Amino acid sequence: MSKRVGLEASFAAAEAARMANVDVIAAYPITPQTHIPERLAEMVANGELEAAYIPVESEHSALSACLGSAAVGARTFTATAGQGLELMHEVVYVASSMRYPIVMTVCNRALSAPLSVWGDHSDAMAVRDTGWIQVFCQNNQEAFDMTLWAFRVGEDSRVLLPVMVHFDGFSLSHVTEPVILPEQEEVDRFLPKFQYAFALNPDKPMTHGAFGPPDIYSETKVAQEVALRKSKGVILQGWQEFGDVFGRYYDPVESYKIEGAKLLLLTMGSFSETAKAAIDTKKDSGESVGLINLRLWRPFPFEELRQAVKDAETLVVFDRCISFGGPVGPVCSEVRSALYNEKKRPAVVSFIGGLGGRDVSVKDFEYVIDRGREVAQKGSKELFEMVGIRGQVTGIRG
Amino acid sequence: MAKKKPKTVSDLTWKDLEVGNIVKEAGGASARKTGDWRTERPVLDKEKCTKCALCWLYCPDAAIKPTEEGYYEADLDYCKGCGICANICPVGAITMTQEEEQ
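Computed from a prediction, not measured in an experiment: that's the story for all the values here.

A. Examining the layout of surface pockets more closely. All names here are of chain A. Counted as a void, the second largest pocket has a volume near 400 Å³. What lines the second largest pocket is a set of 17 residues, and nearest its centre among them are Glu225, Leu228, Arg229, Arg298 and Pro299. Of all the secondary structure elements, the ones that give two or more residues to the lining of the second largest pocket are helix 5 (89–97) and helix 9 (217–246). In terms of residue count, helix 9 provides more of the lining of the second largest pocket than any other element does, six residues in total. Tallied by class, the residues present in the lining of the second largest pocket amount to five nonpolar, four polar and eight charged. Mapped onto the domain boundaries, the lining of the second largest pocket takes at least three residues apiece from domain 1 (3–246) and domain 2 (254–386).

B. Local environment of the packing of aromatic side chains. A complete count under the given rule lists 15 aromatic pairs over all chains for this structure. Consider the rings of Phe194 of chain A and Tyr196 of chain A, whose centres lie 5.7 Å apart with planes at 25 degrees: the pair is stacked. Ring pairing ties together the aromatic residues Tyr100, Phe194, Tyr196 and Phe198 of chain A, which thus form one cluster. The cationic tip of Arg298 of chain A hangs over the ring face of Trp297 of chain A; the distance from NZ or CZ to the ring centre is 4.9 Å. Seen from the ring of Tyr71 of chain B, Lys51 of chain B lies directly overhead, with NZ or CZ sitting 4.6 Å from the centre.

C. How the structure looks around the nonpolar core. Residues and elements named next belong to chain A. Ile36, Leu40, Phe77, Ile133, Leu148, Trp149 and Phe167 are the most contacted members of the largest nonpolar core, which has 53 residues in total. Residue contacts for Phe167: discarding those within four places in its chain leaves Ala9, Ser10, Ala13, Ile36, Thr105, Val106, Cys107, Asn108, Cys137, Ala143, Leu172 and Ser173. Of all hydrophobic cores here, the second largest spans 27 residues; its members include Val253, Ala261, Trp297 and Leu305.

D. Up close: the pairing of strand 3 (residues 52–55) of chain A. All names here are of chain A. In this structure, strand 2 (residues 24–27) lies alongside strand 3, joined through four bridges in parallel fashion. Counted as the bridge partner of Ile25 is Tyr53 from strand 3. A crossover connection joins strand 2 to the parallel strand 3 through helix 2 (residues 35–46); in handedness this β-α-β unit is right-handed.

Calculation rules
Residues numbered from 1 in each chain as written. Chains lettered and ligands numbered in written order. Predicted model: local features only at pLDDT ≥ 70, side-chain atom pairs only at ≥ 80, totals over all residues. Heavy atoms only, no water. 1 Å grid on protein atoms, 1.4 Å probe; cavity = no way out; pocket = protein on both sides within 12 Å on 5 of 7 lines; lining within 4 Å. Points joined across faces, edges and corners; volume = space filled by probe spheres on them. Helix = DSSP H or I, 4+ residues; strand = E, 2+ residues; numbered from the N terminus. Nonpolar A, V, L, I, M, F, W, Y, C, P; charged D, E, K, R; others polar. Domains from an automatic or database assignment. Phe/Tyr/Trp six-rings, centres within 6.5 Å; stacked < 30°, edge-to-face > 60°. Lys NZ or Arg CZ within 6 Å of the ring centre and 35° of its normal. Core = buried A, V, L, I, M, F, W, Y, C linked by side-chain atoms within 4.5 Å. Buried < 20%, exposed > 50% of the residue type's maximum accessible area, 1.4 Å probe, protein only. Contact = heavy atoms within 4.5 Å. Pairing = 2+ DSSP bridges. Right-handed = clockwise from strand over helix to strand, strands pointing away.

Structural data, given as structure tokens:
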């Protein structure tokens, strides 16, 4: 029997890594991710988990150690946040281009300066193009579920790509919620052993990480790009199988009350649950609104997004990151681009808020819906609008 | 479609690449001449050479090979001209010489 326990998302992720029976953990503690390596180190020390815990001197080393671990075919886990993800940045690219299925939790955190340990999506957006499969969790149950699922998908011989599981720092990482933990037998049924055909082995020498001169580099990048896009099939299959075993089914694009809605709000991560409450309030007062929670970030779910918004007049996208000097929020930019060639598409309006841990309330989302509708109808001089900023924001012009 | 086995990297399409660009056979570099960017080459003075084999031992690229007469000479298809052999030679039998002067 599965059991319902109170866990913060950090402990849920650590528990998922334990139940996945990881072989190697290499991580460097950083707020708000600290509880994950702390808990896993404790499990290894207590004998609850038979794994190698590699203490390292930085995030760059953490992910580098993970490369070596994955190269010999070990199930490998790490976690980081904010500045830590920035420090490992160059290795983030190496993991995906060498096709090592490392699973990494990112407890989303704002980037310095000014120093902030609190949440937003700046760290995630900075690794947008690194070639990892990436998902955003809405709550602590998803933090557990996506971590398990990430091993299943990344290690699939048809995929062999690293997976980043994002959840919001503090608002999920440090908040206790009910989480349903499955039986080990169920996890084992869902998650086969990692069998890596190219594992480094002194008895059968081969080269990992060969040099790529100009006459081959472009071909390697095409192969990598096609592999990431093709992983979509296994991603969907993984969620289907997850649902069949655990009873919770997931989609790349989650729709909430979008049937017939004229205005749709699009959010990612834990803000989606707050936004759902705003949708409920608006619906109760007779407004035609719905919510889209973008769960799968890479590979981008073009088809599902187009399908979900095809009948809407307005699509309001809420970002938790500024793309400095760019068109709109980074998520909005991609959403708008994904819809650009559609004959019938909604007006896409960009809002940015919730930076560096700033709270965005149900009331704020109600405002975003009202103001978004107004901008779609009357237009605005600004490329995007900020939510909850003191002082009128002007000068964001294209 | 019958496919000829590609011989050089330039013949490979993106579909020919192994996952993660792994090279499954060991020692693949020997199939390519890797010394073409050398600027200096080691030249051996056989009068001075004592056949001690230190150059062979220290060459980081296994480019120095024993000859039939028992000397050790660099295989210029692979030698990168790093000069370690010249530096390690206890009797000064190896001189690094500019490629242009050859």
